[in-house]
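Structural overview for review
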Amino acid sequence: MGLTRNNTVMPKRRPGKARLEVARLERTMSSLELRKFLIGTVVWGIGNQMVTVTQTYVIFDITGSALQLAILGAAVVVASVSTSVVSGFLADRFSRKVLLMCGSVMTFSSMLAVGLLLITDQIEPWHIQVAGAIHGSALALDWTARFSLLPIMVPRNILPRAVFFDNSFFNLGRVLAPLIWGAIVHHWGYEWTYVTIAAVMALNLAIVALYRPISPGISTAHQPIWEDVVEIASVVRSNAVLNGNLTFTFVNALLMGGFIYLLTPISREVYNVGAGEYSQLFAAVGVGAFIGGLFLGFSGGFKRTGYGLLISNVLTVGCAIVFALITSIYFGFVFAFLFGLMNAIHIGLGTISMQMAITDNVRGRLAGIYELAWGGFPAGGFVFGALADGLGSSVALIIGCGFVLLVTLAVGTFNRQLRQLRMRV
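Residues numbered from 1 in each chain as written. Predicted model: local features only at pLDDT ≥ 70, side-chain atom pairs only at ≥ 80, totals over all residues. Heavy atoms only, no water.

For the rest of this paragraph, the subject is the packing of aromatic side chains. Scanning the model with the defined rule gives 10 aromatic pairs in all. Relative to Trp181, the ring of Tyr57 has its centre 5.0 Å away and its plane inclined at 75 degrees; by these criteria the two rings are edge-to-face. Residue Tyr57 is found in helix α2 (residues 32-63), and its partner Trp181 is found in helix α6 (residues 159-187); the two are separated by 124 residues along the sequence. Assigned by exposure class, Tyr57 and Trp181 land together as buried. Summarising the aromatic geometry, the rings of Phe259 and Phe339 are spaced 4.0 Å apart at their centres and angled 10 degrees between planes, so their arrangement reads as stacked. (Phe/Tyr/Trp six-rings, centres within 6.5 Å; stacked < 30°, edge-to-face > 60°. Helix = DSSP H or I, 4+ residues; strand = E, 2+ residues; numbered from the N terminus. Buried < 20%, exposed > 50% of the residue type's maximum accessible area, 1.4 Å probe, protein only.)

As structure tokens, then:
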């Protein structure tokens, strides 16, 4: 309390909202382990995004077939889904840090092998598809480990912003990866992008080795596997926020996968551009996603999180539809950017709402189910690629967008708990 000149008792002024937000931001970024984790996220994001850019471009370049893109997507989704089934149980029983390192080793070895085959001119489409399957397994292991590792790297009071910034730094990797890829292709050829990916994943392995979680995150005593299955099934079934977000994740990943996998044929057939502009379209998506993640990190998200989830997904779909309809590369950059922006906001809100809804003893298993839902990404490559082979890339993308829009409206209509979800900003 304070006194005025007339000795009147006046209440102390509370810090302004801007000062409070700055204080929260400083508290979040003061965590050394979070800073290390974010550096690792950028490096890991660059490596994995370069895999997606390189694989889709190279296989379409050497075959000229959207069907081969579909086969690549199918190979990735089968491996990813198969690994996701077990990765959650592993993350609740073994070191999540070690699992993350294993994923880096798998990607490193498979991409280096393809690079050497390209350099020696012995490459076949099935080599790329097998490497894609290995990377799909590695990615499933990585995502599960990362999702369940971050909450034991930072205090819970900074977890929401930590998650938002982690998403943003991953998306920064999505910006840098295609630009690096384009420069390498221009100067040395795309075979050397595979060697670069291997080097990036080796660096990521060294960074992860420096992580020091603030808690072990796993119990030394474990119940039987079948009881683990029953427990996580009960948690998901009884929580409308979880099952609604998992549905969103699958259809959102399906759309994202279709959008990314069809960037190659759309850039070639609709925009009539080469590798340089193609890489810039990828970068535009990443820039939008990076800014979307930063927005959530600085703002802390939306109080009406449920409506934010619904509206951001509808806007993501809208951007993809417009992107499929236009023929100007300049407008393509704009709507690729907006697609990434809206998609990142949707994913960030969904991720933190799930993280805050569970306890750490089931976090690994939920991460496995979450990654299983993300199997929609390569599945989108298969479905959209198969449609594009018969109907054309733009028509395939519009059909997929229609499906995602219907699911979004259904979740918004029937899942009242998710629709009314609120979180403290």
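There is more to say after this.
In this section: the packing of helix α13 (residues 329-355) against helix α14 (residues 363-373). Relative to each other, α13 and α14 sit at 150 degrees, their axes nearing to 11 Å. When the interaxial angle is binned, α13 and α14 end up roughly antiparallel. The handedness of the crossing between α13 and α14 is right-handed. Taken together, the residues of α14 that come into contact with α13 (itself represented by Ile347, Thr351, Met354 and Gln355) are Arg363, Leu366 and Tyr370. The residue makeup of the contact of α13 with α14, split by class, is four nonpolar, two polar and one charged. (Axes fitted to C-alpha atoms, helices over the stretch in contact; angles between N-to-C directions. Parallel < 35°, antiparallel > 145°, perpendicular 65-115°, else oblique. Left-handed = near helix turned anticlockwise from the far one by under 90°. Contact = heavy atoms within 4.5 Å. Nonpolar A, V, L, I, M, F, W, Y, C, P; charged D, E, K, R; others polar.)

Within the element layout of this structure, Leu387 appears in helix α15 (residues 376-391). Residue classification places Leu387 among the partly exposed positions, given a relative accessible area of 27%. Taking the C-alpha atoms as reference points, Leu387 and Glu277, separated by 110 residues in sequence, lie 24 Å from one another.

Residues Val81, Val85, Val86 and Leu372 make up a contiguous nonpolar surface patch of roughly 270 Å² in combined accessible area. Within the secondary structure, Leu372 is located in helix α14. The class for Leu372 is partly exposed, based on a relative accessible area of 33%. (Patch = residues over 30% accessible without salt bridge, like charges linked within 9 Å, V, L, I, M, F, W, Y side chains within 5 Å. Areas by Shrake-Rupley, 256 points an atom, 1.4 Å probe, with all protein chains shown as cover. Salt bridge = Lys/Arg side-chain N within 4 Å of Asp/Glu carboxyl O.)

Membership of the largest hydrophobic core comes to 116 residues, with the highest contact counts inside it found for Phe259, Phe323 and Leu397. The element best represented in this core is α2, accounting for 14 residues. Look past the residues within four positions of Leu397 in its chain and what remains in contact with it is Leu255, Gly258, Phe259, Leu262, Ile266, Ala320, Phe323, Ala324 and Phe384. (Core = buried A, V, L, I, M, F, W, Y, C linked by side-chain atoms within 4.5 Å.)

All right, on to the confidence of the model for the protein chain then. In the predicted model, the protein chain carries a mean pLDDT of 83, and the fraction of residues at 70 or more is 91%. Counting contacts from residues 1-13, a segment whose pLDDT is below 50, to residues more than four positions away or on other chains yields 10 contacts. (pLDDT = per-residue confidence, 0-100.)

This part covers the side chain of Thr52. In this structure, Thr52 sits in helix α2. Dropping the residues within four chain positions of it, Thr52 is found in contact with Ile260 and Phe377.

On to α6, then. In this model, α6 (29 residues) spans 42 Å end to end at C-alpha, consistent with the 42 Å of a helix rising 1.5 Å per residue. In the segment just after α6, Gly189 is the residue with positive phi, at about 105 degrees. (Expected span 1.5 Å × (residues − 1).)

Attention now goes to the pattern of salt bridges. Summed over the entire model, instances satisfying the criterion amount to four salt bridges. Across the pair Glu33 and Lys36 runs a salt bridge whose closest N-O atoms are separated by 3.0 Å. Here Glu33 and its partner Lys36 are both found in helix α2, three residues apart, which amounts to about one turn of the helix. The exposure classification of Glu33 matches that of Lys36, with both residues buried. Of the charged contacts in the structure, one is a salt bridge between Asp166 and Arg146, with a shortest N-O distance of 3.6 Å. Taken together, the residues span a long stretch of sequence, with Asp166 in helix α6 and Arg146 in helix α5 (residues 125-149) at a distance of 20 residues.

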